Amino acid sequence: QALLDTGCAKTCMTKKLFDNIREFGHIDLTLDSSTQIGIVSCTGNTEAVAGMVPVSLKFTDENGKSTSTVISVMVVPTLTEDFILGYDFLGSTVIDTIDQNYLKIKTTNSDICQIPIVMQQLPTIPCRINTSVYIPAQSFKWVKVRLDHGHRTSKVPLMVSEMAHPDITLLETL
């Protein structure tokens, strides 16, 4: 399993996954740590990259069509997912299209290998804020919220799905 992330510039894997592949997969992967690289994560934290490694990825669809490609993968100490397919792969010429159901990859004989995309719906977490926040249309803003039901307070990306407060007013569109 891998997270498809067009907002991630480079395909990445965790150091733990890298170590597990080397130890249990009996695959000789050599980590190139000669270049000092740092990345800024989706949380805004900067983290040093352990190194780069060429990885062969094989994809087989439900009809048995398969294709493989070798890409350079960044090995990072920690990630939200063990493996993230970034834009370097998702925006490459080997990709035919991506839609809501399939990642469609070109095969060597000009066929299409359709890999199902499994969407994972995250649970709704009730939260609240105690201050006024202005978020301009079509923009992003970090908002500090208090999560209900014993969750700790932290900065989280927020998608408003319901406004259940009588004092909230929406600004008119200009």
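Here, the structure is the one placed above.
Cut-offs used in this document
- Sequence positions are assigned chain by chain, starting from 1 and proceeding in written order.
- Since the coordinates come from a predicted model, pLDDT governs what is reported: local features require at least 70, and pairs of side-chain atoms require 80 or more to be given and counted, while whole-chain, interface and lining totals use all residues.
- Each side-chain value is worked out from all heavy atoms of the structure, with water and hydrogens disregarded.
- Exposure above 30% relative accessible area and the lack of any salt bridge qualify a residue for a patch; like charges then connect within 9 Å, and the nonpolar side chains Val, Leu, Ile, Met, Phe, Trp and Tyr within 5 Å.
- For accessible areas, the Shrake-Rupley method is used with a probe of radius 1.4 Å. Any residue's cover is judged against the shown protein chains and nothing else.
- Salt bridge criterion: a side-chain nitrogen from Lys or Arg within 4 Å of a carboxyl oxygen from Asp or Glu.
- Where helices and strands are cited, they refer to DSSP runs of H or I of at least four residues and of E of at least two residues respectively, numbered from the N terminus.
- By definition, two strands form a pair when at least two bridges between them are found by DSSP.
- In this analysis, two residues are considered to be in contact whenever any of their non-hydrogen atoms come within 4.5 Å of each other.
- Throughout, an axis means a line fitted to C-alpha atoms (over the contacting stretch in the case of helices), and angles, computed between N-to-C directions, take values from 0 to 180 degrees.
- Aromatic pairs are defined between Phe, Tyr and Trp rings, using the six-membered ring for Trp, whenever the two ring centres lie within 6.5 Å; interplanar angles under 30 degrees are classed as stacked, those over 60 as edge-to-face, and all others as tilted.
- Note on classification: 1.4 Å probe, protein chains only; a residue is buried when its accessible area is under 20% of the maximum for its type, exposed when over 50%, partly exposed between these limits.
- Among buried residues, the Ala, Val, Leu, Ile, Met, Phe, Trp, Tyr and Cys ones that are joined through side-chain atoms within 4.5 Å form a nonpolar core.

1. Points about a nonpolar patch on the surface
- Taken together, the side chains of Ile129, Val133 and Ile135 present a nonpolar region at the surface, about 210 Å² in accessible area.
- Tracing the backbone through its elements, the reader meets Val133 in the loop between strand S11 (127–128) and strand S12 (143–147).

2. A short note on the sheet that holds strand S2 (residues 12–14)
- Pairing is mixed across the open sheet formed by 5 strands, whose spatial order is S1-S7-S2-S6-S5. Looking at which strands have only one partner, the edges of the open sheet turn out to be strand S1 (3–4) and strand S5 (51–60).
- Across 2 bridges, S1 lies against strand S7 (residues 83–85) in parallel orientation. In the strand pairing of S7, Leu4 is matched with Leu85.
- Packed onto the sheet, helix H1 (residues 15–24) meets S2, S5, strand S6 (66–76) and S7 and runs at close to 75 degrees relative to S2.

3. Things to note about the packing of aromatic side chains
- Evaluated as defined, the whole model comprises 1 aromatic pair.
- Seen in terms of ring centroids, Phe59 and Phe89 are 5.7 Å apart; in terms of plane orientation they differ by 15 degrees. Their pairing is stacked. Taken together, the residues Phe59 in strand S5 and Phe89 in helix H2 (residues 87–90) connect sequence positions 30 residues apart.
- Owing to a relative accessible area of 1%, Phe89 belongs among the buried residues under this scheme.

4. Topic: the environment of Leu90
- Within the element layout of this structure, Leu90 appears in helix H2.
- Separated by 86 residues in the primary sequence, Leu90 and Leu4 place their C-alpha atoms 7.7 Å from one another.
- Look past the residues within four positions of Leu90 in its chain and what remains in contact with it is Leu4, Asp5, Thr6, Leu85, Ile95, Ile98 and Leu103.

5. Focus: the sheet that holds strand S10 (residues 112–116)
- Read across the open sheet, the 3 strands follow the order S8-S9-S10; overall the sheet is antiparallel. On the outer flanks of this sheet lie strand S8 (95–98) and S10, each paired with one strand and no other. Each neighbouring strand pair of the sheet contributes to a mean axis angle of 20 degrees, computed without reference to strand direction.
- Sheet topology note: the strand S9 (residues 102–106)/S10 ladder contains 5 bridges and is antiparallel. Within S10, the position partnered with Lys106 by the bridge is Ile112.

6. Considering the side chain of Thr14
- Within the element layout of this structure, Thr14 appears in strand S2.
- Taking relative accessible area as the criterion, Thr14 reaches 5% and is therefore assigned buried.
- Those residues in contact with Thr14 that lie beyond four places of it in its chain are Val75, Val76, Pro77, Leu79, Glu81 and Asp82.

7. Observations regarding the nonpolar core
- Counting 19 residues, the largest nonpolar core has Met13, Val53, Phe59, Leu85 and Phe89 as its most contacted members.
- Put simply, the parts of the chain that give this core at least two residues each are S5, S6, S7, H2, S9 and S10.
- Sort the elements by how many residues they give to this core and S5 lands first, with 4 residues.
- Listed in part, the 8 residues of the second largest apolar core include Val49, Met74, Val76 and Ile84.

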